[in-house]
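Architecture and fold: a report
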Amino acid sequence: MVKAYGAVDELVHSAGNDVIHDVGAGAIGGHTFTKGVYKWDSIVSMMESITLKGSATDVFIFSVASYFSTAAGVRSSWRARFGAYPIIYIWEIKNYIGCP
């Protein structure tokens, strides 16, 4: 687990200027994400479902340096292109996850 966490952290840092920062000021419910590396230095809440839009080979990395919370029944949904579903998504939560 420690090696996996270190590998994800390295991916986030190696993305450099390509990292997308602070989407929704931490309130990400209702957002649609495309492939990429997303990072928040503040608290992130997902009180509504999110959509991941991409293909079977797209990678989504979400890095949260603080707390992450979600509401009951919230989910991630796929919006596929060409009938393929993105299957690679990684959450890196550095502090605390709060789920009902």
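Coordinates for the structure precede this section.
Cut-offs and rules
Residues numbered from 1 in each chain as written. Predicted model: local features only at pLDDT ≥ 70, side-chain atom pairs only at ≥ 80, totals over all residues. Heavy atoms only, no water. Helix = DSSP H or I, 4+ residues; strand = E, 2+ residues; numbered from the N terminus. Buried < 20%, exposed > 50% of the residue type's maximum accessible area, 1.4 Å probe, protein only. Contact = heavy atoms within 4.5 Å. Areas by Shrake-Rupley, 256 points an atom, 1.4 Å probe, with all protein chains shown as cover. Pairing = 2+ DSSP bridges. Salt bridge = Lys/Arg side-chain N within 4 Å of Asp/Glu carboxyl O.

Re the overall build of the protein chain
Counting its secondary structure elements, the protein chain contains one helix and 10 strands. The secondary structure elements of the protein chain, listed N-terminal to C-terminal, are α-β-β-β-β-β-β-β-β-β-β. Counting the 100 residues in the protein chain, one finds 36% classified as buried. Here the contacts in the protein chain between residues at least 6 apart in sequence split such that 59% fall between residues at least 24 apart. Only carbon and sulfur atoms are counted for the fraction: they give 56% of the accessible area of the protein chain, which is about 6000 Å².

Quick word on the sheet that holds strand 1 (residues 20-21)
Taking strand neighbours across the sheet as the criterion, the four strands line up as 1-3-6-9 in an open arrangement whose pairing is parallel. Looking at which strands have only one partner, the edges of the open sheet turn out to be strand 1 and strand 9 (88-93). Bridging between strand 1 and strand 3 (residues 36-40) involves two bridges; their strand directions are parallel. Bridging across to strand 3, histidine 21 finds its partner in lysine 39.

Some details on the environment of methionine 47
In this structure, methionine 47 sits in the loop between strand 4 (44-46) and strand 5 (50-54). Overall, methionine 47 belongs to the partly exposed group, its relative accessible area being 45%. Other than its neighbours up to four places away in sequence, methionine 47 contacts Gly29, Ser69, Thr70, Ala71 and Val74.

Description of the pattern of salt bridges
Enumeration over the complete set of coordinates arrives at one salt bridge. Notably, a salt bridge pairs aspartate 58 with lysine 35, separated by 3.9 Å at the nearest N-O pair. Of this pair, aspartate 58 sits in the loop between strand 5 and strand 6 (59-64) while lysine 35 sits in the loop between strand 2 (32-34) and strand 3, placing them 23 residues apart in sequence. A residue is classified by how much of its surface remains accessible, and aspartate 58, at 5% relative accessible area, is buried. Owing to a relative accessible area of 52%, lysine 35 belongs among the exposed residues under this scheme.

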